[in-house]
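# A closer look at the structure
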Amino acid sequence: MMHELTEIDVAPLDAEARRILELNDRGGYTVPTDGLYPYQWNWDSAFAGLGFAAVNIDRAWAEIETLFSGQWDNGMVPHILFHRPDPGYFPGPDVWGTEDAVGRGACAVASSGISQPPVAASLAWRIHQANTAAGADRLRALFPKLLAYHRWIMAARAETGAVVITHPWEAGRDNAPDWDEAMAGVDPVGVQPYTRRDTGHVDPRMRPTKEDYDRYIWLVQFGRDRKWDEAAIATESPFRVADPTMTFTTLRSTRDLAAMADLLGEDAGEIRDWVATLEEGAETLWNPALGAYDAKNLRTGNFAGSLSNASFLCWWGGLRGDRAVPALDALLARSPYALPSYDPEGPKFDHLRYWRGPVWGVMNYLAGNGMAEAGLTAQADRVRRDTARLIAENGFAEYFSPIDGTPAGGATFTWTAAVWLAWAS
Ligand code: 2M8
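Here the structure is a predicted model, which means the values were calculated and not measured.

A few words on the site of the ligand. The environment of the ligand is made up of 17 residues, and the closest members are D44, Y89, G172, D174 and Y354. At 2.9 Å, a side-chain N or O of W41 approaches an oxygen atom of the ligand. Across the complex, the protein chains shield 100% of the 420 Å² of accessible surface that the ligand would expose by itself. Its residues assigned to classes, the shell around the ligand comprises eleven nonpolar, three polar and three charged.

This is the structure we're talking about:
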């Protein structure tokens with residue numbers, strides 16, 4: 001399965017990746033792909049910033065700054081910013097109804113009411129490292145906003161030390177098997193009639209089912225009915241799951257925030273306390289039966305039993321030790337292309353259905369960089385080479401089959417282009 005990067009002619013792919021960033025640039029922010037996702041998404045945007053750092057450092061910072069223009073007064077950074085209305089996506093701002101949300105305050109940008117994996121601090125830190133002179137003032141201005149975001153996460157979402165999601169969309173891994181038990185606990189009674197738009201853009205076999213969508217929309221209505229009040233949602237929602245993606249991306253971003261604080265001469269005491277809390281929380285996600293980190297349903301205490309690409313973000317989170325290596329090696333051995341979002345030998349595997357099997361470049365970037373830092377050189381190399389091979393053979397797709405590399409979801413995808421420019425090439 002190994003592929004020599006020297007066999008890939010990188011120059012035309014570099015040019016295509018740059019063209020995609022330009023194509024999806026809406027002026028200060030980038031859409032994930034035209035049509036399917038016409039707004040600014042939180043973690044997509046952080047990756048877009050990383051991609052722009054290889055092209056235009058000023059534009060890279062602008063991407064992150066526009067993302068934080070949507071930050072609520074309570075520190076939360078929403079998962080979607082609806083800068084301009086677009087009927088091509090559902091659910092839009094009218095469904096989210098965040099105008100009078102508790103905690104939104106004076107923020108004028110229309111948005112969703114949930115967040116997403118907080119990779120912004122980590123990727124802003126890398127953008128800064130790409131050009132420290134150009135980034136000095138930008139980083140100083142951004143730092144308090146990043147701090148407020150993380151203060152919100154720790155206050156609203158870290159009651160067990162691990163970071164919880166209140167909606168599958170918050171994890172960024174929408175229909176992952178990780179949420180199946182918690183989603184079964186949601187009875188979508190009273191969901192208002194709606195029309196999906198995603199299945200008009202891409203093959204429905206590559207998207208979540210109607211059963212999933214009914215519950216996604218029910219959870220949006222549930223939050224809106226409580227004015228997105230975190231305390232009410234934490235007490236009353238049937239859906240509250242501790243997530244490895246959120247936990248490990250928060251842990252890594254918190255470590256990077258501490259490094260920023262040191263550089264800027266700011267006090268890092270509160271930040272280092274968060275690292276300790278998150279490390280303890282990460283331990284609660286270790287599933288001995290799986291030999292890997294796993295999602296945990298806080299309403300039942302049950303693990304999902306899901307071996308996924310999120311399981312292997314532990315090294316990106318800064319955890320060390322090799323107890324997850326056997327599960328990683330087994331997963332790599334049964335995946336023609338690494339890393340699948342769910343174990344190809346698991347009972348719920350579906351090689352094209354979104355987060356239930358396909359390979360995602362952004363997850364490979366995070367997991368692969370973490371492996372390299374932890375000294376897992378062969379595994380890190382395999383993940384990076386497979387990412388390059390998938391893109392070189394199949395284009396800049398949203399995601400790919402881990403079995404035969406089939407490109408799936410949207411095309412000309414921003415974060416796939418960014419991952420190519422920043423790492424895979
Ligand atoms: C997907 O999620 C959105 C909802 O947020 C959707 O399907 O409508 C996920 O892959 C998510 O991780 C990603 O940020 C978003 C935009 O690329 O699409």
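Working definition: an aromatic ring pair is given by the centre-to-centre distance plus the angle between the planes. Scanning all chains against the criterion turns up 29 aromatic pairs. Ring geometry for W41 against Y89: centres 5.1 Å apart, planes inclined by 85°, an arrangement best described as edge-to-face. Here W41 is found in strand β1 (residues 40-41), whereas its partner Y89 is found in the loop between β2 (80-81) and α4 (93-96), with 48 residues between them in sequence. Judged by relative accessible area, which is 12%, Y89 ranks as buried. Over the ring of F222 we find R226; its NZ or CZ atom is 3.7 Å from the centre of that ring. The ring of W286 is capped by R323, whose NZ or CZ atom sits 4.0 Å from the centre of that ring.

Read across the sheet, three strands follow the order β3-β4-β7 without closing on themselves; strand pairing throughout is antiparallel. Edge positions in the sheet fall to β3 (164-165) and β7 (296-297), since each of these pairs with one other strand and no more. Examined bridge by bridge, β3 and strand β4 (residues 241-242) share two bridges and lie antiparallel to one another. Residue I165 lies in a different strand from β4, and its bridge partner there is V241.

Quick notes on the rules
Residues numbered from 1 in each chain as written. Predicted model: local features only at pLDDT ≥ 70, side-chain atom pairs only at ≥ 80, totals over all residues. Heavy atoms only, no water. Near = heavy atom within 4 Å. Polar contact = N/O pair within 3.5 Å; in protein donor to acceptor, adjacent residues only side chain to side chain. Areas by Shrake-Rupley, 256 points an atom, 1.4 Å probe, with all protein chains shown as cover. Nonpolar A, V, L, I, M, F, W, Y, C, P; charged D, E, K, R; others polar. Phe/Tyr/Trp six-rings, centres within 6.5 Å; stacked < 30°, edge-to-face > 60°. Helix = DSSP H or I, 4+ residues; strand = E, 2+ residues; numbered from the N terminus. Buried < 20%, exposed > 50% of the residue type's maximum accessible area, 1.4 Å probe, protein only. Lys NZ or Arg CZ within 6 Å of the ring centre and 35° of its normal. Pairing = 2+ DSSP bridges.

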